[in-house]
Structures are given as C-alpha cells and as structure tokens.
Amino acid sequence: MLPVIALVGRPNVGKSTLFNFLTKTRDAIVADFAGLTRDRQYGRVKNKEIRPCLVVDTGGIADDAEGIDRVARQQVQVALEEADIVFFMVDGRAGLSTSDKVIADSLRRLNKPVILVTNKTDGVDSFVAISDFYSLALGEPVKIAASHGTGVPELLRMADQLLPIAIEDEAEDKDTIAIAVVGRPNVGKSTLVNRLLGEERVVVFDEAGTTRDSIYISFERNGRKFTLIDTAGMRRRSRIGEVIEKFSVLKALQAVEKANVVIYMIDAREGVTDQDAHLLGLVLEAGRALIIGLNKWDGISIEQKNTINRQLDIKLSFVEFAEKHQISALHGSGVGKMFDMVQGLYEAAMLDMSTPNLTRMLKEATTAHQPPLINGRRIKLKYAHQGGRNPPIVVIHGVQTDVLPDSYKRYLINYYRTAMNLSGTPIRLVFKSPENPFHGKKTKQTDWEIKKRERLTRRAKAKSH
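Here is a short report on the structure shown in this document. It should be emphasised that the depicted structure is a prediction, and the values quoted were computed from it without experimental measurement.

## Some thoughts on the overall build of the chain
Phase 1: When helices and strands are counted, the chain shows 13 helices and 17 strands.
Phase 2: Put simply, 70% of the contacts in the chain that link residues at least 6 apart link residues at least 24 apart.
Phase 3: Here the chain has roughly 23700 Å² of accessible surface; of this, 50% comes from carbon and sulfur atoms.

Given below as structure tokens:
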C-alpha cells in the first residue's frame, strides 16, 4: 500500500503549487486567491528523492469555517486521519498568524509525523522568515519556494526517512493475480465481483456509493489463485458534500497500485465521461494491465453502441492498448470471456524479455524506420535490455536519446508491442545516453599551438594593412 502525504495549512500558503510541483501536473488550480481549493486532490509523487507515495492537496483551514468552508474543513480532517506524514505549510512572507497556531495545536495532538514547511522564502531573508515559526513547537522549519522547487528535494529526502515500510498482504503474493475493479459509482463493480465469484459476496444496491472501502476477496479458479479488489466508486469532485465517498478515491488508487490487472468499468448507457478519462489516466500512471468493461451493453440501442465506440476512439485514445469487452455483469454475458483474458494480461505484464531479442527488435525497428536527424546528426539507438516488469520496461541505450521525438517513441512502443504480441499492458521505454567525458571542459592548448595562433594573427593583421 502506497503511503500518503497530506498538505495542510491556512488558505493561500501554496499547497496547490507544491502539489503540482510534486506530481508534475497542473491538476490543482493555482491562483492568488484565498480558499480556492475546496475539495481534496490526489496524485502520485514523481520525484527520485522519495519512495513511491501519494500526495493529497487539501483546502485551506479558515478560522470562520461556515457553509462550504466548513465542509472543506471536514475534508481536511478525513485526509489527516489517513495520512502517514503531514506537511504543515505556512507563509514565510506573511509571517505567523492565529490560524497557524490553531492548526499547529491540532496537529500536535495527531500523533503523526509533521514537517513544518515554510513556503515563499525566495527573495526574502529566509532566516528572518522562519524565526517566528519556531514558537509552533513543530521542529525546525524547512525553507522552500514551491513555485520554483527551491528546497523541495531536501524536504522530500527528510520525508522519505519518515515514510512507513510498505505493508505486504495476500494481494501482493507472487503466486496470486490481484485484480482491481475500478470505476465511477453505480457502474456495476460489485455486481461484476459477485458474478465472478458466483455468490453474493459484496453488497449490491441500486444506489451510488454503496461500497465505502476497498474489499479484498481471495478465491481459486482452475487451480490458480486470484484476489479480487472491489473498490469504492470515484465520485465527481463537484459533489463536495460526500466527505467519506470523496476519500474513497485514495483507497481506489492504492488498490490499483497493488493490482496486477485493472478492470475499469464503464456504464454503456452513460457513455465515456471526462471523469472516466481522468481516472483512466491515474491507472495509466500506475502502469497496470488494463481491461475496459463496457457494462450494461445489452440494454442499449445500435445508435448508442456506435456513439460509445466513437467516444472510445476519441476520449480514450491514450489507452488504446487496453482490452475492451462488452458485458452485462447482471446477466453474465461476456463476463467469462473477459475473465479468461486476465491471466494472459498478467503474463504479458510479467514477461521476461531477453537482451538479445530486445536488441534484435530494436535493430529491426530502426532499419524499417530510421530515427530522425537532429542538428545534422542521426540519433543512434544501439542496444536494449529489460528494466522491469508490471509494466514491462525496456531500457534503450544510444546517442542523443534525450532529444528523441515523442512520435518516434510511440513508434518504438507499437513496434515492440506487435513484435512481442503484447496486449492489454502498457510498455514503458527508458532512454539512456553515455555521459560525454569532455562536456564542460576546455581543451588546453600546447605551447606550439599558442605560438602558431599568434603567427597567424600577425599575418592576418599585416595583410589588412
């Protein structure tokens, strides 16, 4: 299970800016306006200074929490309860406020690691900026500038030492295939789980949000062990009143991280929504083998079927590798065929790839379609080897790989997928170029070269006169 870092603090201290920097996204709205973030925003930290973990951006905690601000404060409390580490952010330019003191009092009673983060310390005397915050009794304030990333690597290294060790459970058993069933509320996830198990194992009711937490169910089929993970529906963020159900996004993301194969359920009657595209983007980040189950397919018209097929091509083109199945979880049509694909997808995601075969495929790909010229020089791709599994990672060594166009990277991914007959699993490419030992070094001229240069300069001057 991935550990969680919660960003808390009063409004407009830079929580969303830090969230965007850590996740390398622009998912959190940033503006110079207090209280802009009402809902929690989840993302995966993408930084080599810290182990894999999730970060949650929370709304600002105001003193006079009324109406929607009071609900936002409830959201913060839920995030704190499940966080492993808390980044308490304060404004180094505005200085210590009463709100900071109130928040600090509640965090001290939390009995969890809290790191005091002083933001906006760029352009000011940083030691003066942090001096007032020692009175909060939360340890040494860490100075950062979230907008530029100054001080963030040091902050993450400190947090990495405080993160708990990942807890292993049966879902992570090497002999067990873990399958996470994910999707928006009321698309038939629990109905599918019951259909696969052949019993009423999880609660099914025609009301959005029946499942509040991820449920792990182990079973065997044809001598193979499986663990089904029924996750809570991921709600639209506009419904900010449902505090518990909004928090289910975190549980679902953690389930995806522990899964080998993800079955993403879409209600065919509603079609592909923007929320589906966003959630599938999170699944893609985790790199898991993917099946898209178009549920309730038997209850829609030919026109609706044509519409949803067009939506799949347009809105979900970024997961074109996924296996797509039309099913009815309630009546069972298509479910058996879909489940039969799971083991094949698992084997594709866990495939062992030999270096000679990967290098041979690379040579074939570059022969069929050469890498482009950059500044008059051809990009050279020399050899490849395996860098990891689940998802399959191919490490390619060459020259000038850092300027290889994205279009050519997509070509290589498609070539490897076709050559290895892989389906349902993403493939990641990692490019490496050797370091130039002479980069940044000036060539020292010999005495003879210096004298020759002087002679040539004198002759050039003599001819000009």
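## Regarding the nonpolar core
Phase 1: Counting residues in hydrophobic clusters, the biggest one holds 54 residues, and the most contacted among them are Phe-88, Leu-107, Val-262, Ile-266, Leu-290, Ile-292 and Leu-316.
Phase 2: Broken down by element, the residue count for this core peaks at six residues, all from helix 8 (residues 274-286).
Phase 3: Those residues in contact with Leu-107 that lie beyond four places of it in its chain are Val-8, Leu-80, Val-86, Phe-88 and Val-114.
Phase 4: Ranked by size, the runner-up nonpolar core spans 26 residues in total, among them Val-181, Leu-192, Val-335 and Leu-345.

## Structural notes on helix 6 (residues 189-197)
Owing to its 3.6 residues per turn, the α-helix brings residues three or four apart onto one side.
Phase 1: For helix 6, the tally of buried residues reaches eight of nine residues, placing the bulk of the element in the interior.
Phase 2: Listed in full, the buried residues belonging to helix 6 are Lys-189, Ser-190, Thr-191, Leu-192, Val-193, Asn-194, Leu-196 and Leu-197.
Phase 3: Elements that come into contact with the buried residues of helix 6 comprise strand 7 (176-183), strand 8 (215-221), strand 9 (224-230), strand 10 (261-267) and helix 10 (335-349).
Phase 4: After helix 6 finishes, the residue Gly-198 shows a positive phi value of roughly 75 degrees.

## Observations concerning the pattern of salt bridges
Phase 1: Under the defined criterion, the tally for this structure stands at 18 salt bridges.
Phase 2: Here Arg-157 makes a salt bridge to Glu-49, at a shortest N to O gap of 2.9 Å. With Arg-157 in helix 5 (residues 152-162) and Glu-49 in the loop between strand 2 (41-44) and strand 3 (54-57), this pair connects stretches of sequence that are 108 residues apart.
Phase 3: Two residues, Arg-93 and Asp-122, come together in a salt bridge whose shortest N-O distance is 3.4 Å. Residue Arg-93 is located in the loop between strand 4 (85-91) and helix 3 (98-108), and its partner Asp-122 is located in the loop between strand 5 (114-119) and helix 4 (126-131); the two are separated by 29 residues in the primary sequence.

## What about the sheet that holds strand 8?
Each strand in a sheet pairs with another by means of backbone hydrogen bonds, the pair being arranged parallel or else antiparallel.
Phase 1: Reading across the sheet, the six strands line up as 8-9-7-10-11-12 and stay open at both edges, with mixed pairing between neighbours. The sheet is open, and its two borders are formed by strand 8 and strand 12 (323-326), each paired with just one other strand. Looking at each pair of strands side by side, their axes are set apart by 25 degrees on average, direction ignored.
Phase 2: With four bridges joining them, strand 11 (residues 289-295) and strand 12 adopt parallel strand pairing. Within the sheet, the bridge partner assigned to Ile-291 lies in strand 12 and is Glu-323.

## A few points about the packing of aromatic side chains
Phase 1: Considering all chains together, one arrives at five aromatic pairs under this definition.
Phase 2: Judged by centre distance (6.2 Å) and plane angle (40 degrees), the rings of Phe-219 and Phe-339 are tilted. Taken together, the residues span a long stretch of sequence, with Phe-219 in strand 8 and Phe-339 in helix 10 at a distance of 120 residues.
Phase 3: Given a relative accessible area of 14%, Phe-219 falls into the buried group.

## Describing the pairing of strand 10
Strand residues, when the strand is regular, have side chains that alternate between the two faces of the sheet.
Phase 1: By the criterion of burial, strand 10 is predominantly enclosed, with seven of the seven residues buried.
Phase 2: Side chains of strand 10 alternate between two faces, with Val-261, Ile-263, Met-265 and Asp-267 and Val-262, Tyr-264 and Ile-266 buried alike.
Phase 3: Two strands pair when backbone bridges link them, and strand 7 and strand 10 are joined in this way by five bridges, in the parallel orientation. Bridge pairing links Gly-183 to Met-265 in strand 10.
Phase 4: Alignment of strand 10 against strand 11, held across seven bridges, turns out to be parallel. Its bridge partner lying in strand 11, Val-261 is registered against Ala-289.
Phase 5: As a crossover connection, the stretch from strand 10 through helix 8 into strand 11 is right-handed.

## Notes on the side chain of Asp-91
Phase 1: Assignment of secondary structure puts Asp-91 in strand 4.
Phase 2: Residue classification places Asp-91 among the buried residues on the basis of a relative accessible area of 8%.
Phase 3: A polar contact is formed between the side chain of Asp-91 and the side chain of Lys-120, at a distance of 3.2 Å.
Phase 4: If near-sequence neighbours (up to four positions away) are discounted, Asp-91 is found in contact with Arg-10, Asn-12, Val-13, Asn-119, Lys-120 and Phe-133.

## Focus on the environment of Lys-382
Phase 1: With respect to the helices and strands, the residue Lys-382 is situated in strand 15 (residues 380-388).
Phase 2: Along the primary structure Lys-382 and Ile-396 are separated by 14 residues, whereas in three dimensions their C-alpha atoms are 7.4 Å apart.

## A few points about the environment of Gly-183
Phase 1: Tracing the backbone through its elements, the reader meets Gly-183 in strand 7.
Phase 2: Residue Gly-183 is classed as buried on the basis of its relative accessible area of 0%.
Phase 3: For Gly-183 and Asp-276, which are 93 residues apart along the polypeptide, the C-alpha to C-alpha distance reads 7.4 Å.

## Things to note about the packing of helix 11 (residues 355-368) against helix 12 (residues 406-419)
Phase 1: Interhelical geometry of helix 11 versus helix 12 gives an angle of 125 degrees and a closest axis separation of 10 Å. Relative to helix 12, helix 11 is oriented oblique. Of the two elements, helix 11 crosses helix 12, and the hand of that crossing is right-handed. Note on element contacts: helix 12 touches helix 11 through Tyr-408, Tyr-411, Leu-412, Tyr-415, Tyr-416 and Ala-419, opposite Leu-358, Met-361, Leu-362, Glu-364, Ala-365, Thr-366 and Ala-368.
Phase 2: Looking at the contact of helix 11 with helix 12 residue by residue, the class counts come to 11 nonpolar, one polar and one charged.

Calculation rules
Residues numbered from 1 in each chain as written. Predicted model: local features only at pLDDT ≥ 70, side-chain atom pairs only at ≥ 80, totals over all residues. Heavy atoms only, no water. Helix = DSSP H or I, 4+ residues; strand = E, 2+ residues; numbered from the N terminus. Contact = heavy atoms within 4.5 Å. Areas by Shrake-Rupley, 256 points an atom, 1.4 Å probe, with all protein chains shown as cover. Core = buried A, V, L, I, M, F, W, Y, C linked by side-chain atoms within 4.5 Å. Buried < 20%, exposed > 50% of the residue type's maximum accessible area, 1.4 Å probe, protein only. Salt bridge = Lys/Arg side-chain N within 4 Å of Asp/Glu carboxyl O. Pairing = 2+ DSSP bridges. Axes fitted to C-alpha atoms, helices over the stretch in contact; angles between N-to-C directions. Phe/Tyr/Trp six-rings, centres within 6.5 Å; stacked < 30°, edge-to-face > 60°. Right-handed = clockwise from strand over helix to strand, strands pointing away. Polar contact = N/O pair within 3.5 Å; in protein donor to acceptor, adjacent residues only side chain to side chain. Parallel < 35°, antiparallel > 145°, perpendicular 65-115°, else oblique. Left-handed = near helix turned anticlockwise from the far one by under 90°. Nonpolar A, V, L, I, M, F, W, Y, C, P; charged D, E, K, R; others polar.

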